[in-house]
Amino acid sequence: MSKEAIKRFFKPDKWKVLVFMFFLLVNIVLIYLHISNPLSFTLPEPGQYIEEYGLPLVFLTVITEGVTLIPPEISETISMNYYGLFIDVLVWWLFSCLLISAYNKLRKRKQ
């Protein structure tokens with residue numbers, strides 16, 4: 001694969017940006033609906049409830065501790081993994097480039 005082909009593959013266009021925005025919107029909706037990442041491997045300690053968000057990598061972790069009814073006390077810790085978010089953005093862009101590239105090749109093959 002030549003350098004020009006790689007540049008053309010990753011070069012932004014309208015459709016790649018739209019597909020990328022779709023992946024971003026899906027992740028935001030999953031966070032808003034409190035749908036955790038099923039691929040997370042963090043084991044909670046006793047008395048903790050852990051929710052991890054982000055696909056394919058976890059970039060947002062919410063740890064709820066001390067969930068008691070009497071007296072009602074809840075302590076939440078939110079941590080952001082910026083490296084995970086950066087890698088997720090790169091993966092979303094790669095997927096959008098792959099999808100649009102495959103679509104363009106199929107469209108050219110049919111013509």
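Figured I'd write up the structure that's included with this text. (Residues numbered from 1 in each chain as written. Predicted model: local features only at pLDDT ≥ 70, side-chain atom pairs only at ≥ 80, totals over all residues. Heavy atoms only, no water.)

Points about the nonpolar core
Where a protein is soluble and globular, its nonpolar side chains tend to be buried together. Phe9, Val19, Phe20, Phe23, Tyr53, Phe59, Leu60, Val62, Trp92, Trp93, Cys97 and Ile100 form the largest nonpolar core, which has 12 residues in total. When contributions to this core are tallied by element, the ones reaching two or more residues are helix H2 (14-32), strand S2 (60-68) and helix H3 (82-110). Residue contributions to this core peak at four residues, all from H3. When residues no more than four places from it in sequence are discounted, the contact partners of Phe9 are Lys16, Leu94, Cys97, Leu98 and Ser101. (Core = buried A, V, L, I, M, F, W, Y, C linked by side-chain atoms within 4.5 Å. Buried < 20%, exposed > 50% of the residue type's maximum accessible area, 1.4 Å probe, protein only. Helix = DSSP H or I, 4+ residues; strand = E, 2+ residues; numbered from the N terminus. Contact = heavy atoms within 4.5 Å.)

What to know about the packing of H2 against H3
Following both chains from N to C, one finds H2 and H3 inclined at 135°, their axes separated by 8 Å at the closest point. As summarised for this structure, H2 and H3 are arranged oblique, according to the angle between their axes. The way H2 lies across H3 gives a crossing that is right-handed. Together, Trp15, Lys16, Val17, Val19, Phe20, Phe23, Leu24 and Asn27 of H2 and Val89, Trp92, Trp93, Phe95, Ser96, Cys97, Leu99 and Ile100 of H3 make up the contact between the two elements. Grouping the constituent residues of the contact of H2 with H3 by class yields 13 nonpolar, two polar and one charged. (Axes fitted to C-alpha atoms, helices over the stretch in contact; angles between N-to-C directions. Parallel < 35°, antiparallel > 145°, perpendicular 65-115°, else oblique. Left-handed = near helix turned anticlockwise from the far one by under 90°. Nonpolar A, V, L, I, M, F, W, Y, C, P; charged D, E, K, R; others polar.)

Brief notes about a nonpolar patch on the surface
Together, Met1, Ile6, Phe10, Leu94, Phe95 and Leu98 make up a nonpolar patch on the protein surface, roughly 600 Å² of accessible area in all. With three residues, H3 is the single largest residue contributor to the nonpolar patch. Residue placement: Met1 occurs in the segment before helix H1 (3-10). You can call Met1 exposed: its relative accessible area is 80%. (Patch = residues over 30% accessible without salt bridge, like charges linked within 9 Å, V, L, I, M, F, W, Y side chains within 5 Å. Areas by Shrake-Rupley, 256 points an atom, 1.4 Å probe, with all protein chains shown as cover. Salt bridge = Lys/Arg side-chain N within 4 Å of Asp/Glu carboxyl O.)

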